[in-house]
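Residues per chain are reported as follows:
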Amino acid sequence: DVKVTQSSRYLVKRTGEKVFLECVQDMDHENMFWYRQDPGLGLRLIYFSYDVKMKEKGDIPEGYSVSREKKERFSLILESASTNQTSMYLCASKPGPLHGELFFGEGSRLTVL
Amino acid sequence: QKEVEQNSGPLSVPEGAIASLNCTYSDRGSQSFFWYRQYSGKSPELIMFIYSNGDKEDGRFTAQLNKASQYVSLLIRDSQPSDSATYLCAVASSGGSYIPTFGRGTSLIVHP
């Protein structure tokens, strides 16, 4: 089974702090994604990556950056956390560009005070 | 802007009934269609995918696709309380690099 592991299930940070959310997948998937999920707004794509060192902006990239130095690892970075970034963050992966099925991690619930 | 629309619900059905969840999409070039189930506090998990017009059955679940009407549905037969969750519809196309666009989900409540 594909396993997508997010390093932290719950985080509480203060406004202005730098936040790192880590995601690791163990199935050699090419594509990795970061979404945030908020009540009433559904899943919104922040950034995605087709391959190592490649990244593309999603629908809501402002305030976020990403890093993919190794194929299995995709990190989401909040350079200066703000209260409106309080959310559930979901990492996902898929085998390659011709596949649509996503495999999700368990999620990281971030609270910014 | 590609859109995927779902009724937010909640849809309430009695145990043993058929639950019908619906989804419409705006991109006529869409090629892949997915249904995810998400329990409260958990991440989405894939339960069905469909690529061709018609019906696809997997156990108690049936996905129905009508590309002409830009409509995809999920039927859950013999609904159980354990089916109570939010169901997310997702749609992907080659024009979008097969990156799924998600609907906001329909909350299903199956009451005993």
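Higher on the page you've got the structure.
Each residue is numbered by its place in its chain's sequence as written, counting from 1. Labels are handed out in written order, letters beginning with A for the chains and numbers beginning with 1 for the ligands. Reporting in this predicted model follows two pLDDT cut-offs: at least 70 for local features of residues, and 80 or more for side-chain atom pairs to be given and counted; totals over whole chains, interfaces and linings ignore these cut-offs and use all residues. Note that the side-chain values use all heavy atoms of the structure and ignore hydrogens as well as water.

### Looking at the layout of surface pockets
Phase 1: Residues are said to line a cavity or pocket when one of their atoms sits within 4 Å of a point; the points come from a 1 Å grid over protein atoms alone, cavities being sets where a 1.4 Å probe fits but cannot get out and pockets being open sets with protein on both sides within 12 Å along at least five of seven lines. Grid points are joined across faces, edges and corners, and a volume is the space filled by probe spheres set on the points. Here the second largest pocket defines a volume of roughly 470 Å³.
Phase 2: Every residue lining the second largest pocket is counted, 24 residues in all, and those nearest its centre are Gln37(A), Asp38(A), Pro39(A), Gln38(B) and Thr86(B).
Phase 3: Looking at the lining of the second largest pocket, the elements that each hand over two or more residues are strand 4 (31–38) and strand 9 (87–94) of chain A together with strand 9 (85–92) of chain B.
Phase 4: Numbering of helices and strands starts at the N terminus; helices are DSSP runs of H or I of at least 4 residues and strands are runs of E of at least 2. When residues of the lining of the second largest pocket are assigned to their parent elements, the largest contribution, 3 residues, is made by strand 9 of chain B.

### Observations concerning the sheet that holds strand 8 (residues 73–78) of chain A
Residues and elements named next belong to chain A.
Phase 1: The pairing criterion is simple: DSSP has to find at least two bridges between the two strands. Pairing in this open sheet of 4 strands is antiparallel, and the strands run 1-3-8-7 from one edge to the other. Where the open sheet ends on each side, the last strands, each with one partner, are strand 1 (4–6) and strand 7 (64–70). Looking at each pair of strands side by side, their axes are set apart by 20° on average, direction ignored.
Phase 2: Across 5 bridges, the pairing between strand 7 and strand 8 is antiparallel. To get an axis, fit a line to the C-alpha atoms, keeping to the stretch in contact for a helix; angles then go from 0 to 180 degrees between the N-to-C directions.

### Brief notes about the sheet that holds strand 1 (residues 4–5) of chain B
All names here are of chain B.
Phase 1: Ordered by their spatial adjacency, 5 strands build an open sheet running 1-3-8-7-6, and the pairing between neighbours is antiparallel. A single partner strand is all that each edge strand has here, and the edge strands are strand 1 and strand 6 (54–58).
Phase 2: Where strand 6 and strand 7 (residues 61–66) come together, 5 bridges link them in antiparallel fashion. Counted as the bridge partner of aspartate 58 is phenylalanine 61 from strand 7.

### Examining the side chain of Ser43(B)
Phase 1: Mapped onto the elements of the fold, Ser43(B) is located in the loop between strand 4 (32–38) and strand 5 (45–50).
Phase 2: Buried residues are those whose accessible area, probed at 1.4 Å on protein chains only, stays under 20% of the maximum for their type, while exposed residues exceed 50% and partly exposed ones sit between those limits. According to the relative accessible area criterion, Ser43(B) is buried, its value standing at 16%.
Phase 3: As used in this structure description, the phrase polar contact means that two N or O atoms lie within 3.5 Å; if the pair is within protein, one of them must be able to donate a hydrogen and the other to accept it, and residues adjacent in sequence are counted only when both atoms belong to side chains. A polar side-chain atom of Ser43(B) sits 2.9 Å from the main-chain carbonyl oxygen of Gly105(A).
Phase 4: Excluding its chain neighbours within four sequence positions, the residues that come into contact with Ser43(B) are Leu90(A), Phe104(A), Gly105(A), Glu106(A), Arg37(B) and Gln38(B). Contacts were defined at the residue level, with two residues in contact if any of their heavy atoms lie within 4.5 Å.

### Focus: the packing of aromatic side chains
Phase 1: Between the rings of Phe, Tyr and Trp (Trp by its six-membered ring), a pair exists once the centres lie within 6.5 Å; its type follows the angle of the planes, with under 30 degrees stacked, over 60 edge-to-face, and the other angles tilted. Evaluated as defined, the whole model comprises 12 aromatic pairs over all chains.
Phase 2: Ring centres 6.0 Å apart and planes at 25° place the aromatic pair Phe33(A) and Phe48(A) in the stacked group. Here Phe48(A) lies in strand 5 (residues 42–49) and Phe33(A) lies in strand 4, a separation of 15 residues in the sequence. In this pair, the class of Phe33(A) matches that of Phe48(A), namely buried.
Phase 3: Each ring, one from Phe48(A) and one from Tyr50(A), has its centre 5.2 Å from the other, and the planes form 85°; the classification is edge-to-face.
Phase 4: Members of the aromatic cluster, each reached through a chain of ring pairs, are Phe33(A), Tyr35(A), Phe48(A), Tyr50(A), Phe104(A), Phe34(B), Tyr36(B) and Phe102(B).

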